[in-house]
Amino acid sequence: MVRIRVLVVDDHRIFAESLAAALAAEPDVDVSAAGSGPAALRCLERAAAEGRRFDVLLVDADLGAVPGAVPAQRESGSGPPPAVSDGIALVAGVRVSHPGVRTVVLAERDDPRRAALALQAGASGWVAKDCSLSRLLAVIRGVLREETHLPPALLTGVLRELTAARKHRTDSERLVESLTPREHEVLRCMVAGLGRKDVAVRLFLSPHTVRTHMQNVLGKLGVHSTLAAVALARRAGVRPADLAGDVVERSGQLA
């Protein structure tokens, strides 16, 4: 019998242990529980090192803080991204560090915007915490068949959110494409969190020249702050400058 390894991640201990016990009663399910994001990440690493990788992660949408997890990014609207649930941030982190693990978000309430964020972060499903055990098991087995599961009542709202996100992403990509190569490099430094002086050092430019480039970037992107420029760049898929690698080669005299 092929066994399914499930990790329940919820900071409400009674709920996590009760759900784990219910799932463990199934003959083909092995289940563990973690009470926080960091504990879940440690479980995943340990299991991978021992050759016992988890198949499915059940994550509380309202999980506590997850240090080091990749934050889920807002894909619609303008300005800086809003705070997102740390459970969804954990989903995004797991997608990067353990891409073979399927994640399902357990939520107290239906919320189309957050469900869309969860799917964008890499979740394969969004399930109400008060759903039946048989429904949850169907979702667990379904996501292992590459299915995506959402409550029917959420479908229209989630599709609307994803459609809006796609439009804004396309608009953002078009604006980023208007930048010159040097402006694009400056934007990547901004996404990496560098200030004007650090950008100047990295790109062998004067702070005055960097200031001009940054002003040009903000103007072409149609935003009024570095924070808004970074949010737009992330929506467009701009990667941060690699701060661990070599600095950009000098391409001229110091301006």
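Summary of the structure given here. (Residues numbered from 1 in each chain as written. Predicted model: local features only at pLDDT ≥ 70, side-chain atom pairs only at ≥ 80, totals over all residues. Heavy atoms only, no water.)

### Brief notes about unusual backbone geometry
It is generally the case that most residues other than glycine have a negative phi and that most peptide bonds are trans.
Argument step 1. Unlike most non-glycine residues, Glu146 shows phi in positive territory, near 70 degrees.
Argument step 2. Structurally, Glu146 is set in the loop between helix 5 (133-143) and helix 6 (155-177).
Argument step 3. Even without being glycine, Phe204 reaches a positive phi, approximately 55 degrees.
Argument step 4. With respect to the secondary-structure elements, Phe204 resides in the loop between helix 8 (196-203) and helix 9 (207-221).
Argument step 5. Judged by relative accessible area, which is 31%, Phe204 ranks as partly exposed. (Helix = DSSP H or I, 4+ residues; strand = E, 2+ residues; numbered from the N terminus. Buried < 20%, exposed > 50% of the residue type's maximum accessible area, 1.4 Å probe, protein only.)

### So, the pattern of salt bridges
When the charged atoms of two side chains lie near each other, side chains of opposite charge can form a pair.
Argument step 1. By the definition in use, this model includes 12 salt bridges.
Argument step 2. In this structure, the salt-bridge partner of Lys129 is Asp10, at a minimum N-O distance of 2.8 Å. Of this pair, Lys129 sits in the loop between strand 5 (125-128) and helix 5 while Asp10 sits in the loop between strand 1 (4-9) and helix 1 (13-24), placing them 119 residues apart in sequence.
Argument step 3. Using a relative accessible area of 15% as the deciding quantity, one classes Lys129 as buried.
Argument step 4. Residue Glu147 is joined to Arg145 by a salt bridge in which the shortest nitrogen-to-oxygen separation is 3.2 Å.
Argument step 5. Overall, the relative accessible area of 54% leaves Arg145 in the exposed class. (Salt bridge = Lys/Arg side-chain N within 4 Å of Asp/Glu carboxyl O.)

### What to know about the environment of Leu159
Argument step 1. Summarising the element assignment, Leu159 is placed in helix 6.
Argument step 2. When the C-alpha positions of Leu159 and Arg113 are compared, they lie 9.7 Å apart, and in sequence the two are 46 residues distant.

### What to know about the pairing of strand 3 (residues 56-60)
Argument step 1. Within strand 3, five of the five residues are buried, leaving the element largely enclosed by the surrounding structure.
Argument step 2. Residue alternation in strand 3 divides its side chains into two sets, Val56, Leu58 and Asp60 and Leu57 and Val59, and both sets are buried.
Argument step 3. As paired strands, strand 1 and strand 3 are joined by four bridges and run parallel to one another. Bridged to Val6 within strand 3 is Val56. (Pairing = 2+ DSSP bridges.)

### Quick word on the side chain of His98
Argument step 1. Structurally, the position occupied by His98 is in the loop between helix 3 (86-97) and strand 4 (102-107).
Argument step 2. Only 3.2 Å separates the side chain of His98 from the side chain of Glu45, close enough to count as a polar contact.
Argument step 3. In this structure His98 touches Leu44, Glu45 and Ala48, once residues within four positions along its chain are discounted. (Polar contact = N/O pair within 3.5 Å; in protein donor to acceptor, adjacent residues only side chain to side chain. Contact = heavy atoms within 4.5 Å.)

### As for the packing of aromatic side chains
Argument step 1. Enumeration over the complete set of coordinates arrives at zero aromatic pairs.
Argument step 2. For the cation-ring pair, Arg5 lies above Phe54, with the distance from its terminal atom to the ring centre recorded as 4.3 Å. (Phe/Tyr/Trp six-rings, centres within 6.5 Å; stacked < 30°, edge-to-face > 60°. Lys NZ or Arg CZ within 6 Å of the ring centre and 35° of its normal.)

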